[in-house]
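# Examining the three-dimensional arrangement
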Amino acid sequence: EKGTYPHYMLKEIDEQPAVLRKIIQAYQDENGKLSIDQETLEAINRADRIYVIAAGTSYHAGLVGKEYFEKLAGVPTEVHISSEFGYNMPLLSEKPLFVFISQSGETADSRQVLVKIKELGYPSLTVTNVPGSTLSREADHTVLLHAGPEIAVASTKAYTAQVAVLAILAALAAGEKGNEIGFDLVQELGIAANAVQTMIVRKEEMEGLSFDFLELSRNAFFIGRGLDYFVSLEGALKLKEISYIQAEGFAGGELKHGTIALIEEGTPVFALATQEAVSPNIRGNVKEVGARGAKSCIISMEGIEEEGDRIVIPAVHPMLTPLVSVIPLQLISYYAALHRGCDVDKPRNLAKSVTVE
Ligand code: F6R
């Protein structure tokens, strides 16, 4: 039930700190150490390469997950769009593990891949919010998101839950391999949950920014580099699906290879700059688009912020910024849709779970 909330989407955005805390609890043993069932862990550890298969927002979470598996656990990882994988199967490694990320666990495009790789005899793991869902029943292993039912068509809390659970899986895999990840993930996830809390309290400010940047626009751009690039893809998807504003997320470095031609006087550009190493580059991109008339909203982080940044998220571990930087983007999309009179929870032409290929 959405209770006093005008929309499920807003309720689900608000639930994110609690969901993160629930996940931290669910994947801790009695000694406070991260843990999952041994069989799932062994399946991950047997793999010489992980193939993440997902669609839409879950695909965007998968891109973040690749960073975790590779940087924390040292497991080479590829992320594939489910609907493409069937026709475009890459050469596989010797011991692949297929990881299906799906909020609903019912996405037909992903299931089609699961059926195929099972025929080939490969092991599978589903990361889903719905116990007993098709992808969960048919895969060898299941890891749950514990996000509670997500009703709004636009995925919000499932995304942050997916990112958190993938970080946990990667940290566990690292531990098994004797790799030090170099930080206390339980503690850092707790800090991120608090930062998410801080961001959801700033609704009025986000509503104001949404109005300032999007009231009169037909289009919007989201740019980032590294992890911020993956979040920019998610920000663009959220905006287009609920407000029908044409939006594109792309890597900052790609601007000069074509997209910059679209920048006009007043074009809104949301620039994510939470990654210290590439922050100067993304700020350079903001200057380039600014010189052509774009109106930029920089989203940075405490510690590396600069004057004029419109949104500064609280400091969190640099690998966990997607959990926090996505919140203002979710809220800005929500208010853009609201002010345009769109049906926020049930955008046109879309279904919550896509059970056709
Ligand atoms: C976007 C959205 C969709 C889903 C996609 C996959 O907000 O909700 O892009 O992420 O249809 O759905 P699941 O995760 O259920 O497989």
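Labelled according to an unreviewed UniProt entry, the chain appears under the name Glutamine--fructose-6-phosphate aminotransferase [isomerizing], originating from Bhargavaea cecembensis DSE10. Turning to the chain, the UniProt annotation filed under Subcellular location (unreviewed entry) states: "Cytoplasm".

### What to know about the overall build of the chain
Along the chain, the regular secondary structure elements total 13 helices and 10 strands. Relative to its length of 357 residues, the chain is compact, with a C-alpha radius of gyration of 20 Å against a globular reference of 21 Å. The buried share among the 357 residues of the chain stands at 59%. Across the chain, contacts joining residues at least 24 apart in sequence account for 76% of those joining residues at least 6 apart. Per element, the accessible surface of the chain, about 14,700 Å² overall, is 49% carbon and sulfur.

### Regarding the sheet that holds strand S8 (residues 268–273)
Ordered in space as S7-S6-S8-S9-S10, the five strands form an open sheet in which the pairing is parallel. In the strand order of this sheet, the two ends are held by strand S7 (246–251) and strand S10 (311–313), each with one partner. The average angle at which neighbouring strand axes cross in this sheet is 15°, direction not considered. In this sheet, S8 lies alongside strand S6 (residues 219–224) in parallel orientation, the contact comprising three bridges. Following the sheet pairing, Phe-221 is matched in S8 by Val-269. Relative to the sheet, helix H12 (residues 279–290) contacts S6, S8 and strand S9 (295–301), its axis offset from that of S8 by approximately 165°.

### Some details on the side chain of Lys-203
Along the polypeptide, Lys-203 turns up in helix H10 (residues 203–214). On the basis of relative accessible area, Lys-203 is assigned to the buried category, the value being 17%. Excluding residues that lie within four positions of it along the chain, Lys-203 makes contacts with Leu-10, Asp-14, Leu-331 and Tyr-335.

How each quantity is defined
Residues numbered from 1 in each chain as written. Predicted model: local features only at pLDDT ≥ 70, side-chain atom pairs only at ≥ 80, totals over all residues. Heavy atoms only, no water. UniProt positions renumbered as here; feature names shortened; annotations may be inferred. Helix = DSSP H or I, 4+ residues; strand = E, 2+ residues; numbered from the N terminus. Rg over C-alpha atoms; globule rule 2.2 N^0.38 Å. Buried < 20%, exposed > 50% of the residue type's maximum accessible area, 1.4 Å probe, protein only. Contact = heavy atoms within 4.5 Å. Areas by Shrake-Rupley, 256 points an atom, 1.4 Å probe, with all protein chains shown as cover. Pairing = 2+ DSSP bridges. Axes fitted to C-alpha atoms, helices over the stretch in contact; angles between N-to-C directions.

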